[in-house]
Amino acid sequence: MALPRAPYEFRHLRYFLAAVEHGSFRKAAAALEVQESAISRRIRDLEDNIGASLFHRHSGGVRLTIAGEKFLPRAREIMRHIGESGADASAIGRGEDGRIRIGNLGSLTSGFLCELLCSFRVSHPGVATELVDGAPTDLVAEIRRLHLDVAFLQGAQNWEDCDTARLWTERGFVVLSESHPLAARDELDWEDLAEETFVISEAPPGPEIRDCLVKRLARFGHTPDIHCHQVDRQNLLSLVGMAEGLTLTSEAATAARFPGICYRPIRGEVMPFTAVWSPVNDNPAMRRLLSLARTMSAKLHQSS
């Protein structure tokens, strides 16, 4: 027995199952609030489509034929799948399920972004999140291509063809060896760092740290001594602990503890962080994440 063609499945099967449940086209029509003739006509179309009579018609109503009894479980299965698909689509549309790809340049050790993602996971457990590290220009390019939903980037830059929202700020810190003379200070000025050697990674945010150092120390007429290494963040901090040089980080990252290093704030250095996304991205889960981020940001600013 062939299944009905896709354009007829939902309406015709709905009428068929209603007639089975109520044992009458008239009662099925009343339950569905349609004309009895519509029930009769659509079931006749269904019978023509599958090439078999599904009901015996009699004055008291209808009862299934042998072909109808065989078709009934298939009809119920099709309707069950349609119902499940509709529920899934509805949940995704409400942002309860789905997937978000997030570009990130900051630290997830602590701070605003860590709290945001933790809160979102609690309120939207059905949404899968995927984090992607990268340079800001690369992440924004992926946003424009809709390969990423949103990126959280340091700075307050406006990006062409993208929407942005400044959400939070973090203090800037220098990372140095515990044996370094400046470790005895509670807070440092940029002028204190003018003659120091710095180590950075070639991977992000290494290039961004280089740009910051050059810009901040240029005011003292000094080009910073920067050594670039092909290492990850953990090994870079190990180099700092070995007194190979200093590096920079944001406040959120200072929750990470490594042997032999310490963190000291840089007076007056504040780093803004911004959400960046495409205005044509219609991912409901991403919109829910941005709404939560704005709410948390507003509360943060009210308390400060």
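Preceding block: the structure.
Residues numbered from 1 in each chain as written. Predicted model: local features only at pLDDT ≥ 70, side-chain atom pairs only at ≥ 80, totals over all residues. Heavy atoms only, no water.

Turning our attention to the overall build of the chain. If you tally the helices and strands in the chain, you get nine helices and 10 strands. Per-residue burial for the chain yields a buried fraction of 43% across its 304 residues. Counted over contacts in the chain with a minimum sequence separation of 6, partners at least 24 positions apart contribute 71%. For the chain, the computed accessible surface area is about 16200 Å², with 49% contributed by carbon and sulfur atoms. (Helix = DSSP H or I, 4+ residues; strand = E, 2+ residues; numbered from the N terminus. Buried < 20%, exposed > 50% of the residue type's maximum accessible area, 1.4 Å probe, protein only. Contact = heavy atoms within 4.5 Å. Areas by Shrake-Rupley, 256 points an atom, 1.4 Å probe, with all protein chains shown as cover.)

Let's shift gears to the packing of aromatic side chains. With the rule as written, the count across this model stands at six aromatic pairs. Residues F112 and W168 carry aromatic rings whose centres are separated by 4.6 Å and whose planes lie at 15° to one another, so their mutual orientation is stacked. Within this pair, whereas F112 is found in helix α5 (residues 111-123), its partner W168 is found in strand β6 (residues 163-177), the two being separated by 56 residues in sequence. Considered together, F112 and W168 belong to a single accessibility category, that of buried residues. Seen from their ring centres, W168 and F273 are 4.9 Å apart, and the 5° between their planes marks the pair as stacked. With W168 in strand β6 and F273 in strand β10 (residues 261-277), the pair connects residues that are 105 residues apart, well separated along the chain. Given a relative accessible area of 3%, F273 falls into the buried group. (Phe/Tyr/Trp six-rings, centres within 6.5 Å; stacked < 30°, edge-to-face > 60°.)

Looking now at the pattern of salt bridges. One pass over the full model with this rule turns up 10 salt bridges. D45 is the salt-bridge partner of R42, the closest N and O atoms lying 3.4 Å from each other. Of this pair, R42 and D45 are both found in helix α3 (residues 36-50), three residues apart, which corresponds to roughly one turn of the helix. Classification of D45 by relative accessible area gives partly exposed; the value is 30%. Residues joined in a network through salt bridges with shared partners are R171, E187, D189 and R267. (Salt bridge = Lys/Arg side-chain N within 4 Å of Asp/Glu carboxyl O.)

Bridge count between strand β1 (residues 55-58) and strand β2 (residues 61-64): four bridges; the pairing is antiparallel. Within β2, the residue paired with R57 across the bridge is V62. The turn linking β1 back onto β2 is made up of two residues. (Pairing = 2+ DSSP bridges.)

Attention shifts here to the packing of α5 against helix α9 (residues 284-303). Their axes nearest at 10 Å, the elements α5 and α9 cross at an angle of 130°. It follows that α5 is oblique to α9 by the angle criterion. Relative to α9, the crossing made by α5 is right-handed. In this structure, α5 contributes F112, E115, L116, L117, S119, F120 and S123 to the contact, and α9 contributes A285, R288, L289, L292, A293, M296, S297 and L300. Taken together, the residues of the contact of α5 with α9 break down into 10 nonpolar, three polar and two charged. (Axes fitted to C-alpha atoms, helices over the stretch in contact; angles between N-to-C directions. Parallel < 35°, antiparallel > 145°, perpendicular 65-115°, else oblique. Left-handed = near helix turned anticlockwise from the far one by under 90°. Nonpolar A, V, L, I, M, F, W, Y, C, P; charged D, E, K, R; others polar.)

We now examine helix α7 (residues 206-217). Its 12 residues place the ends of α7 16 Å apart at the C-alpha level, agreeing with the 16 Å of an ideal helix rising 1.5 Å per residue. Every buried residue of α7 is listed here: G206, I209, C212, L213, R216 and L217. Along the axis of α7, the buried residues cluster in a sector spanning 120°; they form a single face. Of the exposed residues in α7, those oriented more than 90 degrees away from the buried face are D211 and K215. Buried residues in α7 make contact with β7 (197-201), β8 (225-229), β9 (247-250) and β10. (Expected span 1.5 Å × (residues − 1). Arc of directions from axis to C-beta.)

Further remarks concern helix α8 (residues 233-241). Among the residues making up α8, those that are buried are L236, L237, L239 and V240. Buried residues in α8, looked at end-on, bunch into an arc of 150°, giving them a common side. The distance from a side-chain oxygen at the start of α8 to the backbone nitrogen of Q234 is 3.3 Å, and the residue carrying that oxygen is D232. A243 sits one or two residues past α8 and shows a positive phi near 65°. (Polar contact = N/O pair within 3.5 Å; in protein donor to acceptor, adjacent residues only side chain to side chain.)

Attention shifts here to the packing of helix α2 (residues 25-32) against α3. The geometry of α2 relative to α3 is characterised by a closest axis approach of 8 Å and an angle of 115° between their N-to-C directions. With respect to each other, α2 and α3 are oriented roughly perpendicular. By crossing handedness, the relation of α2 to α3 is classed as right-handed. For the pair formed by α2 and α3, the contact residues are F25, R26, A28, A29 and L32 on the first element and E36, I39, S40 and I43 on the second. The residue inventory of the contact of α2 with α3, partitioned by class, reads six nonpolar, one polar and two charged.

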